Amino acid sequence: MTRGLFVSLEGIDGSGKSTQSARLCAALEAAGRDVVRTREPGGAPGAEAIRRLLVEGDPDRWSPETEILLFTAARRDHLERVIRPGLSAGKIVVTDRFADSTRVYQGATRGDLRGLVDDIHARVIGVEPDLTLILDMNPDLALARGLARGSGEDRFEEFGISFQRKLRAGFRALAADFPDRCVLVDADRPEEVIAAECLARVSERLP
Ligand code: ADP
Ligand code: TYD
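Here's a quick rundown of the structure. Treat the numbers as computed from the prediction; the structure is a model and nothing was measured. (Residues numbered from 1 in each chain as written. Chains lettered and ligands numbered in written order. Predicted model: local features only at pLDDT ≥ 70, side-chain atom pairs only at ≥ 80, totals over all residues. Heavy atoms only, no water.)

In the vicinity of ligand 1, twelve residues are found, and the nearest of them are Gly14, Lys17, Ser18, Thr19 and Arg189. Take Arg189: an N or O atom from its main chain is 2.8 Å from a nitrogen atom of ligand 1. Between ligand 1 and Glu191 there is a distance of 3.4 Å, counted from a nitrogen atom to a backbone nitrogen or oxygen. Computed on the free molecule, ligand 1 has an accessible area of 560 Å², of which 74% lies beneath the protein chains in the complex. Ranked by residue count, the leading element in the shell around ligand 1 is helix α1 (residues 17-30), at three residues. Here the shell around ligand 1 is built from residues that sort into two nonpolar, five polar and five charged. (Near = heavy atom within 4 Å. Polar contact = N/O pair within 3.5 Å; in protein donor to acceptor, adjacent residues only side chain to side chain. Areas by Shrake-Rupley, 256 points an atom, 1.4 Å probe, with all protein chains shown as cover. Helix = DSSP H or I, 4+ residues; strand = E, 2+ residues; numbered from the N terminus. Nonpolar A, V, L, I, M, F, W, Y, C, P; charged D, E, K, R; others polar.)

Here you go:
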């Protein structure tokens, strides 16, 4: 069976993941590669329905434990319907967020739930990206970028700046824990400079 390349983009809200995902996929397609561009929470119809439960409404709507279950349910659907079929067809699958977001957002910000996240992940997901690009930047700047969008999907942004600082620290710790697959990318630079670095990192891993 052919096997493609699985790439995730991670980082705090407003760090430029969707911007870089679009640029990366366009550059890979221009180079003649087959690419699946997707995102979490969501990426498949059922998972997108779960997304709306998660990103809209009152910040206190769900406990972190309930969030872990909802994000994982959405991820399982996404994995079955989009990620695995894409990789099996030999494509490059680029996802805006994956399990590292649950490790950090649910596992490390409102109590230590990392063990629960890792147990559930091992049982029902069980795969990691080949490469994770972590867009790292000052949360004050990223929050200003994110809220400027006014998308109505601001439930997590509304946890506030100290939450975003914990997230940044969580993503940096993750990069140190998984040095083989994670690359920390300085996201406080012009878009095209970041895009060139992301493309170079992916290109190194292509067959
Ligand atoms: P994320 O998907 O991580 O939330 P986005 O890609 O949606 O982030 O970017 C958030 C906002 O910041 C958007 O308005 C986008 O145009 C802007 N932006 C993205 N990358 C940069 C950059 N390198 N410099 C300045 N602004 C940026
Ligand atoms: P996303 O659409 O990537 O938001 P943004 O563009 O603002 O970065 O994700 C929606 C929110 O869901 C975001 O605040 C991060 C959060 N999230 C988790 O808390 N856990 C998860 O496992 C995932 C995938 C996302």
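There is more to say after this.
The subject of this paragraph is the packing of helix α4 (residues 99-106) against helix α7 (residues 161-177). At their nearest, the axes of α4 and α7 sit 9 Å apart, and the two run at 130° to each other. It follows that α4 is oblique to α7 by the angle criterion. Where α4 crosses over α7, the handedness of that crossing is right-handed. For the pair α4 and α7, the contacting residues are Asp100, Ser101, Arg103, Val104 and Tyr105 in the first and Phe163, Leu167, Gly170, Phe171 and Leu174 in the second. Here the residues of the contact of α4 with α7 are counted per class, giving six nonpolar, two polar and two charged. (Axes fitted to C-alpha atoms, helices over the stretch in contact; angles between N-to-C directions. Parallel < 35°, antiparallel > 145°, perpendicular 65-115°, else oblique. Left-handed = near helix turned anticlockwise from the far one by under 90°. Contact = heavy atoms within 4.5 Å.)

Another aspect to go through is the site of ligand 2. Looking at ligand 2, there are 16 residues lining it, with Asp13, Arg51, Arg97, Thr102 and Gln106 nearest. Contacts to ligand 2 include Asp13, whose side-chain N or O atom sits 2.5 Å from an oxygen atom. In the environment of ligand 2, a nitrogen atom lies 2.8 Å from a nitrogen or oxygen atom belonging to the side chain of Gln106. Within the complex, 94% of the 540 Å² of free accessible area of ligand 2 lies under protein. If you list the elements that add at least two residues to the shell around ligand 2, you get α2 (45-55), α3 (64-88) and α4. Per-element accounting of the shell around ligand 2 gives the leading share, four residues, to α4.

Moving on to the environment of Leu167. In this fold, Leu167 is placed in helix α7. Relative accessible area serves as the criterion here: at 0%, Leu167 is assigned to the buried category. Sequence-wise, Leu167 and Arg37 are 130 residues apart; in three dimensions their C-alpha atoms are separated by 24 Å. Not counting residues within four places of it along the chain, the set of residues in contact with Leu167 comprises Ile12, Asp13, Val104, Tyr105 and Thr109. (Buried < 20%, exposed > 50% of the residue type's maximum accessible area, 1.4 Å probe, protein only.)

Remark: α3 packs on α4, axes separated minimally by 10 Å, with the N-to-C direction vectors making an angle of 175°. As far as their axial angle goes, α4 and α3 are roughly antiparallel. Where α3 approaches α4, its residues Pro64, Glu67, Ile68, Phe71 and Arg75 are matched on the opposing element by Ala99, Thr102 and Gln106. Here the contact of α3 with α4 is built from residues that sort into four nonpolar, two polar and two charged.

Next up on the list: unusual backbone geometry. Put simply, Glu40 and Pro41 share a cis peptide bond, and its omega is -10°. As for its position among the elements, Pro41 is in the loop between β2 (35-39) and α2.

Let us now look at the sheet that holds β2. Pairing is parallel across the open sheet formed by five strands, whose spatial order is β2-β3-β1-β4-β5. Strands at the two margins of the open sheet, each flanked by one partner only, are β2 and β5 (182-186). For this sheet, the mean inter-axis angle between neighbouring strands, taken without regard to orientation, is 20°. Of the pairings in the sheet, the one linking β2 to strand β3 (residues 92-96) comprises five bridges and is parallel in character. The residue bridging Val36 from the neighbouring strand is Val93, located in β3. Helix-sheet contacts for α3 involve β1 (5-11), β2 and β3, and the interaxial angle to β2 is about 155°. (Pairing = 2+ DSSP bridges.)

Per the counting criterion, the structure on display carries three aromatic pairs. With a centroid separation of 6.3 Å and 70° between ring planes, the pair formed by Tyr105 and Phe171 is classed as edge-to-face. In this pair, Tyr105 sits in helix α4 while Phe171 sits in helix α7, placing the two residues 66 residues apart along the sequence. Residue class for Tyr105 comes out buried when judged on its relative accessible area of 6%. Taken together, the ring pairs connect Tyr105, Phe163 and Phe171 into an aromatic cluster. In this arrangement the basic side chain of Arg181 is found over the ring face of Phe178, its NZ or CZ atom lying 4.7 Å from the centre. (Phe/Tyr/Trp six-rings, centres within 6.5 Å; stacked < 30°, edge-to-face > 60°. Lys NZ or Arg CZ within 6 Å of the ring centre and 35° of its normal.)

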